[in-house]
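Inside the fold
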Amino acid sequence: MEHHRYERRNPDQAKGPEERLRHLVDQFHQSVIEEIDCLFEMSERIFEEDIASAHEKIGLVFLYSHIFDKAENHFQRAIELEAKRYSSYVYLARCCFLQKRYNQAYEIVTDIIKQDIKYPDIYNMMGLVLMEKGRSRKSLQFFREAIKHNSTYIEAYFNFAEAILRHIKALIAERKEEEIKKSLTFLRIILKKIINHGDAEDRKQSQLVGKLMSKLDLGKALAQLNEYREHNFIRQTPPEIAGYKFYLRLLYSEEEMSTEALETYEEKISEALQKNPSYPDLWQYLALIHLMQCRHYFLKGLDNFRDATRINPHFDRAVKNLRLVENDGREFLALIKTIV
């Protein structure tokens, strides 16, 4: 019986898994370096054109890449260009918050709240800042306000629950039994709201915290909420960031995206859509990627026909197909160019 190395994909690949793994790791590192280089190049171009929405989008990409100084520069420029772009204020405050510059984040959000802007994210951010500054009781009114303007704001519900628990721990130290009972009742109401409005993971977390509460294990319940908040809301990269990376590169990169780059963006955006299928922007970005891939393969097919006719000028079928593609394909390419 003939023996074969079952792990080899093709004869050109390295024989051992270690070599293939090393190649994949090197490829990954190279793609990360290229993406960061491209990001900094796009940043310069966006500063030249000065469009507020572009500054905000690339600011978010820098923010979730933990390149905070560049993120701040773009958010500040977006605000300079559009003073009423309140989302950029929230992102700028979040940038300071993630660096534990709570006083600066507080000042940014306070300026907007003074203008009486009914924007749930602003109230939620103020609640977070106050909670981290040790003012849990004060933070409650801002989480309540965030939920008032968005009754399905899951992040605010979780923040609200954590703030209540922190407040309860302070009440226990002060032995205020009546207030403790009221706060525990209110916390159970918030946990039920999470079950009503959250997804399966949110509901599971809410039920777990509820069980810990029933055992009066408040310390563990607080630690559980804090860990969940950090993982799912503070450190979690929003799904739209994958789309922004592609779209910004499409608009502001001087180099055309390679087939490999398109495949990478297709994979990342498809993965984001599996978890968040209700994001229309992500579907739009995926459609653009597929059209660009169509263009790439169309041009590749055109070159293949040319190769066939170059090798055999009398290959009538290839000559006819080449003529059809060259003539009728112009409208197709023009359509893709217009859309993209």
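The structure we're discussing is the one just above.
In this text the structure is predicted, and so the values were computed from the model without any measurement.

Let's shift gears to the overall build of the protein chain. Of the regular secondary structure elements, the protein chain holds 15 helices and zero strands. For the protein chain, the C-alpha radius of gyration of 27 Å lies well beyond 20 Å, the compact-globule estimate for 340 residues. A total of 340 residues make up the protein chain; the buried ones form 40% of that total. For the protein chain, restricting intrachain contacts to residue pairs at least 6 apart in sequence, the fraction spanning at least 24 positions comes to 57%. Both charge centroids of the protein chain, one from 52 positive and one from 53 negative side chains, sit 8 Å from each other.

This part takes up the packing of aromatic side chains. Summed over the entire model, instances satisfying the criterion amount to 13 aromatic pairs. Measuring from centroid to centroid gives 4.7 Å for F158 and Y228, while their planes differ by 35°, and the two rings are tilted. Taken together, the residues F158 in helix 8 (residues 154-174) and Y228 in helix 11 (residues 218-234) connect sequence positions 70 residues apart. A centroid spacing of 5.8 Å and a plane angle of 40° characterise the contact between F158 and F233, whose relative ring orientation is tilted. Of this pair, F158 sits in helix 8 while F233 sits in helix 11, and the two are 75 residues apart along the sequence.

This next bit is on unusual backbone geometry. The phi dihedral of D50 falls on the positive side, at around 55°, and the residue is not glycine. By the element assignment, D50 lies in the loop between helix 1 (17-49) and helix 2 (52-64). D50 gets classed as partly exposed once you look at its relative accessible area, which sits at 24%.

Next up on the list: the packing of helix 4 (residues 86-98) against helix 6 (residues 120-132). Packing of helix 4 against helix 6 leaves a shortest axis separation of 10 Å and a crossing angle of 20°. Taken together, helix 4 and helix 6 sit at an angle that is classed as roughly parallel. Crossing hand, helix 4 versus helix 6: left-handed. Between helix 4 and helix 6, the residues in contact are Y86, V90, A93, R94 and F97 and D121, I122, M125, L128, V129 and E132, respectively. Broken down by class, the residue content of the contact of helix 4 with helix 6 amounts to eight nonpolar, no polar and three charged.

Attention shifts here to a negative patch on the surface. Among the surface-exposed residues, E34, D37, E41, E44, E48, E49, E254 and E255 lie close enough to one another that they form a single negatively charged patch. Mapped onto the fold, E48 is located in helix 1.

This brings us to the pattern of salt bridges. Tallying each qualifying case throughout the model produces 18 salt bridges. Across the pair E145 and K148 runs a salt bridge whose closest N-O atoms are separated by 4.0 Å. With E145 and K148 both in helix 7 (residues 136-149) and three residues apart, the pair spans about one turn of that helix. Judged by relative accessible area, K148 falls into the exposed class, the value being 61%. Here the residues in one salt-bridge network are E132, E162, R166 and R229, joined through shared partners.

Quick look at helix 4 now. Taking 1.5 Å as the rise per residue, helix 4 with 13 residues should run 18 Å; its terminal C-alpha atoms sit 19 Å apart, in good agreement. Across the 13 residues that make up helix 4, a large majority, twelve, are buried. Buried within helix 4 we find Y86, S87, S88, Y89, V90, L92, A93, R94, C95, C96, F97 and L98. Turning to helix 4, the residues buried within the fold contact helix 2, helix 3 (68-81), helix 5 (102-113), helix 6, helix 8 and helix 11.

Cut-offs used in this document
Residues numbered from 1 in each chain as written. Predicted model: local features only at pLDDT ≥ 70, side-chain atom pairs only at ≥ 80, totals over all residues. Heavy atoms only, no water. Helix = DSSP H or I, 4+ residues; strand = E, 2+ residues; numbered from the N terminus. Rg over C-alpha atoms; globule rule 2.2 N^0.38 Å. Buried < 20%, exposed > 50% of the residue type's maximum accessible area, 1.4 Å probe, protein only. Contact = heavy atoms within 4.5 Å. Lys, Arg positive; Asp, Glu negative; His and termini not counted. Charge placed at Lys NZ, Arg CZ, Asp CG, Glu CD. Phe/Tyr/Trp six-rings, centres within 6.5 Å; stacked < 30°, edge-to-face > 60°. Axes fitted to C-alpha atoms, helices over the stretch in contact; angles between N-to-C directions. Parallel < 35°, antiparallel > 145°, perpendicular 65-115°, else oblique. Left-handed = near helix turned anticlockwise from the far one by under 90°. Nonpolar A, V, L, I, M, F, W, Y, C, P; charged D, E, K, R; others polar. Patch = residues over 30% accessible without salt bridge, like charges linked within 9 Å, V, L, I, M, F, W, Y side chains within 5 Å. Areas by Shrake-Rupley, 256 points an atom, 1.4 Å probe, with all protein chains shown as cover. Salt bridge = Lys/Arg side-chain N within 4 Å of Asp/Glu carboxyl O. Expected span 1.5 Å × (residues − 1).

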